[in-house]
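# Fold and geometry: a report
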Amino acid sequence: MSVQRGGLGRVTHIIGEGLEGRIANRHLALFGLGFVGLFFVLPILLLIPESLSLGSTTPFESYRRVMNGIYVDAFVRSFLYGFVTTGVTLALAYMLSYFLAFSTERVRTAMILIIVPLWIAYIVRYFGILLFLSPAGPLADLTGFETDLLFTTPAVVIGLANVYLPFAVLPIYNSLNAIDEELVNASRVLGAGKWRTITKVIFPLSLPGLVAAGLIVFILAAGSFLGPAVLGGPKQTMIANVIAQAFLDNFNIQFASALAIVYTVLLVGLLLVFNTLFDLQEVLGNI
Amino acid sequence: MSTRTTAQLEGVTFRALITLVFAFLLLPVLIVILTSFTPQNFPAIPQEGLSLKWYQELLADQRLLSALTVSLIVSTVSAILSAIIGTIAAIGFVRGEFPYKEQISTVMLLPMIISPVITGIALVRYFSTIQLPSGFPALILGHTVLSLPYVFLLVRSELLTYDRDLERASRVLGADPVTTFRHVTGPIISPAILAGAFIAFVVSFGEFTATQFLISPGTSTVPVVIYTMLRTGLTPTINALSVVLIVVMLVLALASRKLSSA
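Predicted, not measured: the structure shown is a model, and the values here were computed from it.

The rules behind these values
Residues numbered from 1 in each chain as written. Chains lettered and ligands numbered in written order. Predicted model: local features only at pLDDT ≥ 70, side-chain atom pairs only at ≥ 80, totals over all residues. Heavy atoms only, no water. Salt bridge = Lys/Arg side-chain N within 4 Å of Asp/Glu carboxyl O. Helix = DSSP H or I, 4+ residues; strand = E, 2+ residues; numbered from the N terminus. Buried < 20%, exposed > 50% of the residue type's maximum accessible area, 1.4 Å probe, protein only. UniProt positions renumbered as here; feature names shortened; annotations may be inferred. Expected span 1.5 Å × (residues − 1). Bend = angle between axes of the 7 residues up to and from the residue. Contact = heavy atoms within 4.5 Å.

Moving on: the pattern of salt bridges. When the charged atoms of two side chains with opposite charge come close together, those side chains can pair. This structure, assessed with the given rule, holds 4 salt bridges over all chains. Where E50 of chain A meets R125 of chain B, a salt bridge forms, and the shortest distance between an N and an O atom there is 2.7 Å. Taken together, the positions of E50 of chain A in helix α3 (residues 47-52) and R125 of chain B in helix α5 (residues 116-129) put the pair across two chains.

With that settled, consider unusual backbone geometry. A positive phi angle, close to 50°, is found at F251 of chain A, a residue other than glycine. Tracing the chain through its elements places F251 of chain A in the loop between α13 (239-248) and α14 (253-277). Using a relative accessible area of 68% as the deciding quantity, one classes F251 of chain A as exposed. Phi at Y100 of chain B is positive, roughly 55°, even though this residue is not glycine.

Moving on, we get to the UniProt feature "transmembrane region" (unreviewed entry) in chain B. All names here are of chain B. UniProt's feature table lists "transmembrane region" (unreviewed entry) at residues 12-34, 64-94, 106-128, 134-155, 192-215 and 235-255, given in the numbering used throughout. The annotated region residues 134-155 carries 91% helix and 0% strand content, and the separation between its end C-alpha atoms amounts to 30 Å. Note that residues 235-255 is 95% helix and 0% strand, and that its end C-alpha atoms are spaced 31 Å apart.

Turning our attention to helix α2 (residues 25-45) of chain A. Between its first and last C-alpha atoms α2 of chain A spans 28 Å; for 21 residues at 1.5 Å apiece the expected length is 30 Å, and the two agree. In α2 of chain A, a bend of some 45° at G37 of chain A exceeds every other bend along the element. Buried residues along α2 of chain A sit in contact with α3 of chain A together with α3 (62-95), α4 (101-113), α5 and α6 (136-160) of chain B.

Below, the structure written as structure tokens:
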């Protein structure tokens, strides 16, 4: 070869020649999978034997404890708060998405404003909501108006909805944006009013995006640690908090693992039920 | 009421509602920033002049500066690692041909889906089994795994739109695969790789939930320190530290956005 090669060029050339024909693209994929497998999937799977503590005399002890009232409460709360948050978030996200898709010219600016919070740490955003709701906080200080919301269930739901709202806007906006404008025009021309067009044409067509958004928000909200930890009180403890507590305060890895596994199984079960109602593959393909 | 005024009323109501939703979304962050400039001893909205005293406080606090250093080191190193591994995996999944490729690629996204508390306890337990020290090694490896899906998605979408004929031309002209990557593929997808690295940094810099399990006494990160301070009472130092976090994250995220849309 006539091109003069520098040191690095020579090295990469030698490596390249050596690799020629030996490394296929699927080996690269395998490398990525191997990394995730070794440092993510395997550690998660190892929680199963951990939770069973098979060596001990009472192998299922941890699972028996999970059935205790306070832990069942935490599970119920997680799924309940997850549902309520999803409802609130979807309503707000639908309004924002409708605004973006149909009633503004400045889509880019509005979109940036919606996405910017996604780039800011959760802890900072929950801190902001804490300041808002705090009885001695800046808002109360400025306006004299005090709320008793802090450390209650509404505070946690407000926090979760705030934090996960941007995640819900993206899929809904995409499905609204994909609606053929001719269909909307046709509906109007044929005499349907604005509301009728929304309920009979726009809404059904945006359903895949709405379902996808709901799924994302529900999974994130039900598994949240920081929301209840910062904005809730002892009565708002969700499953993530119970798991963290078992591990950090009581050093009980068996029990923490059992809680994590029961939660994951329940969540997957719920998703399977969901899958029979909506085709999951299709929903996720729409994001 | 005529239809026209009804429609106008609807329009006005809708605009007002949208403004409220935007306020709901953005005000919490704005209030954190605003109250960081208070001269008072608690996070109040400054009414009589702004003060930088809580930022000076920040610079004088060894614990906070150390957290900032730890966060910067962990996020930088894990972003680089995750950019490299994520790019390799993305190339493999876009170019490689093997059965069930789409389904298998979901595995790469798992760290994004599993609740970070579960990830945290699983990793800390595993790292102690393989005797990886807590602190920097655990934090860096953990953050690399957690930010990997973001790089993977970004680089993959870039590769899907890339013209492979350029690469074929390079190979036909006699370049080996590594040289081709260095001179053809690399330069074309490098903005996407850099964008991925920046997003990985942002994800790592703000991560709290899994991180709380991985830290050692000397290696608290900024979000962990903010959380700890929040539990002990509100002081505007938390605001100042939050603003530093916001600025770092926004600058990198915006840079990432510029690079990936270019």
